[in-house]
Each structure stands twice: as structure tokens, then as C-alpha cells.
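Understanding the architecture of this molecule
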Amino acid sequence: MVNRFTSVTTALTLKVVGIICILSFFVDFLILLLPFQPTDRVWQINLATALVDRGIVPLVGLGLLFAAYWIENADAESDRPQGINLRFPALIISSILGLMFLLIFPLHLNNVNQAKTQTLNRITQEADQAENQLNTRLSQLQAQLNTEQGKAQLEQLRNQTKTQFSEILKDDQRYKQALESAQIPANIKELLKKAKTNPQVLDKAIEQQTDIQTLQTQQLSQVRQRRDEALQQAKDTAWKSGLRIGISSLLLSIGYIIIGWTGLRGRGAVQGGKPRAAAR
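For every chain, the first residue of the written sequence is number 1, and numbering continues from 1 onward in sequence order. Selection of residues for local features in this predicted model requires a pLDDT of at least 70, selection of side-chain atom pairs for listing and counting requires 80 or more, and totals for whole chains, interfaces and linings are taken over all residues. Only heavy atoms go into the side-chain values, all of them from the structure, while hydrogens and water stay out.

Next up on the list: the UniProt feature "transmembrane region" (unreviewed entry) in the protein chain. UniProt positions are given in the numbering used here, feature names are shortened, and annotations may be inferred rather than shown by experiment. According to UniProt, the feature "transmembrane region" (unreviewed entry) maps to residues 12-34, 55-71, 91-109 and 245-264 in the numbering used here. Strands are runs of DSSP state E lasting at least two residues, helices are runs of H or I lasting at least four, and both sets are numbered from the N terminus onward. Structurally, residues 55-71 is divided into 94% helix and 0% strand, and its ends, taken at the C-alpha atoms, are 25 Å apart.

Here is the structure:
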């Protein structure tokens with residue numbers, strides 16, 4: 001009696017948990033469809049990612065459900081009522097999910113590849129625009145500096161900068177505080193160290209930092225470096241997403257198809273042969 005009660009309770013528990021797992025996946029699926037935007041590539045990518053991430057849940061549910069029926073079939077009390085048989089609907093659901101995840105595999109890879117191409121084009125266009133704007137601003141600045149007033153302002157700026165550095169270099173306490181300060185950039189600290197032993201380094205550095213051509217080269221280099229980093233990050237993100245979701249979707253489709261089609265073929269063989277009378 002105890003064994004029979006235990007098997008009945010275990011089978012019922014597995015059925016309930018399995019059904020809840022399967023139903024929760026379809027509830028999530030319906031919620032993920034909203035707002036429904038089938039022509040939006042980003043929506044398709046996000047939907048495929050969310051479905052694949054949740055794809056293991058109904059697979060576990062199917063495993064628990066069939067484990068429950070296996071326990072019931074192993075029970076010696078085979079003449080007791082079995083309730084509603086959910087094995088056939090479960091096999092149909094498994095086959096449908098297998099086909100769905102099989103279709104997600106190539107569709108997601110295609111969407112990710114197209115999205116990557118668009119992102120790379122956008123990053124390149126934004127970088128080109130930034131370069132053009134930078135060149136325009138620097139050209140305007142160069143034109144201003146070619147005037148007498150601009151040259152005088154530039155010379156005044158250089159003298160002020162040199163005076164500030166010179167005062168720090170002459171005062172050992174301020175020099176030490178500057179090297180220990182966390183607010184002063186590392187390149188400025190390095191310049192102070194070199195200028196301490198060779199004052200001509202300071203004049204050359206100030207001239208370079210206020211030279212339009214040098215400034216243009218430095219800023220263009222920064223823009224292109226940020227562009228290259230953004231391009232590489234976009235490629236890595238697309239590659240990782242395509243690989244993870246694609247392989248996971250393919251594995252899920254194999255699992256569901258094996259469960260669904262093998263079960264349906266086995267069910268047809270049982271009903272078409274001698275065991276049909278026993279499988280009531």
C-alpha cells in the first residue's frame with residue numbers, strides 16, 4: 001500500500017511540474033510576442049534569444065511528464081484509472097518545438113549577420129562625420145590663427161602655459177605634489193619629469209600641443225581608434241550571439257525532434273501491433 005501510494009504521489013507530482021513547465025514556456029512565448037513587430041530585425045533577434053534561453057524549460061517538462069507515465073506503467077496496479085493521457089499531445093508539442101528551434105537556427109544567424117552589417121556601416125558613417133567635423137573646426141581655427149590677432153593670442157597662450165609649468169618646476173614642493181596628485185594626467189607628470197632635467201623639452205611640448213597639424217593628427221588618431229574599437233566590439237557581440245543562440249537552438253531542435261518523432265513512431269508501432277490491446 002505504501003509503495004502504491006508513493007508511486008501515485010510521485011507520478012502526480014512529476015505530471016504537475018512537467019505541465020507547469022510546458023505551460024509557463026508558452027505563456028512567456030505569448031508575452032514575448034508583444035508588441036508584435038515581425039518586420040523589425042531587432043525584435044526578431046530579441047525574440048529568438050529569449051526563446052532559446054527558455055527553450056530548456058519545456059524540455060525538462062516533457063522529461064518529467066514521461067517519467068511520470070513510466071512510473072505509472074511500472075506500477076503493479078495497472079488496472080487502476082490512469083486519467084487523461086497526455087503523451088500524444090506532448091509528443092506533438094515536442095515535434096512542433098523541434099521544428100521551431102530548427103527554423104530559428106538559420107533565421108537568427110541571418111538576422112545577426114545583417115544587423116552586424118548595419119551596425120558596422122553606422123559606426124563607420126559616424127566616424128567619418130566626426131572626422132569631417134574635426135577637420136572643419138581645425139581648418140577654421142587655423143584660419144583664425146593665421147591672422148595677427150590669432151598669432152598674438154596663440155603666443156600669449158604658449159607663454160601662460162610655459163609660466164605655469166615653470167613655476168611648478170622651480171618650487172620643489174609644488175613639483176612633488178604635482179607628481180603625487182591623482183588629478184594630474186600621467187602624460188603631464190612625465191613631461192614635468194623630463195622638463196626638470198631638460199627645460200627645452202617643455203618648449204617643444206608646448207609648441208606641439210598648440211600646433212594645429214599635431215592637434216589634428218592626435219584627434220584624428222583618437223577618433224579612428226574609437227571607431228576601430230567600436231567595430232571590433234560589434235563584430236565580437238554578433239559572433240558570440242550567433243554562435244551561442246545558433247548552437248543552442250540547433251541542440252534544442254535535435255532534442256525535441258528525437259523525443260517527438262521517436263515517440264510518435266513508437267506509438268504507431270505499438271497501436272499497429274500486438275501490444276495495442278495492452279495499451280488501453
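Moving on: unusual backbone geometry. Following Leu 34, the chain continues into Pro 35 via a peptide bond in cis, with omega recorded as -10°. With respect to the secondary-structure elements, Pro 35 resides in the loop between helix H1 (2-32) and helix H2 (41-54).

In this section: helix H3 (residues 56-74). Multiplying 1.5 Å by the residue count of a helix minus one yields the expected span of that helix. The end-to-end C-alpha distance of H3 is 27 Å, a good match for the 27 Å that 19 residues give at a rise of 1.5 Å each. Those residues of H3 lying buried are Pro 58, Gly 61, Leu 62, Leu 65, Ala 68, Tyr 69, Ile 71 and Glu 72. To sort residues, take the accessible area from a 1.4 Å probe on protein chains only and compare it with the maximum for the residue type: under 20% means buried, over 50% means exposed, and anything in between is partly exposed.

So, about H2. For H2, built from 14 residues, the straight-helix expectation of 20 Å at 1.5 Å per residue is met to within 8% by its first-to-last C-alpha distance of 20 Å. Between N or O atoms, a polar contact is any pair within 3.5 Å; within protein, one atom must be a potential hydrogen donor and the other a potential acceptor, and residues adjacent in sequence are included only when both atoms are from side chains. Near the N-terminus of H2, the side chain that reaches the backbone nitrogen of Val 42, with its oxygen 3.1 Å away, is that of Asp 40.

Let us look at the nonpolar core. Proteins that are soluble and globular tend to have nonpolar side chains buried together. The definition of a nonpolar core used throughout is a set of buried Ala, Val, Leu, Ile, Met, Phe, Trp, Tyr and Cys residues joined through side-chain atoms within 4.5 Å. With 18 residues, the main nonpolar core has Val 52, Phe 101, Ile 104 and Tyr 256 as its most contacted residues. Going through the elements one at a time, H1, H2, H3, helix H4 (87-145) and helix H9 (212-272) are the ones with two or more residues in this core. Top element by residues in this core is H2. It accounts for 5 residues. Between two residues, a contact is recorded if the distance between any of their heavy atoms is within 4.5 Å. Apart from residues no more than four positions distant in its own chain, Tyr 256 is found in contact with Gly 55, Pro 58, Leu 59, Leu 62, Ser 94, Ser 95, Leu 97, Gly 98 and Phe 101. If you look at the next biggest cluster of nonpolar residues, it comprises 11 residues, including Ile 168, Leu 169, Tyr 175 and Ala 205.

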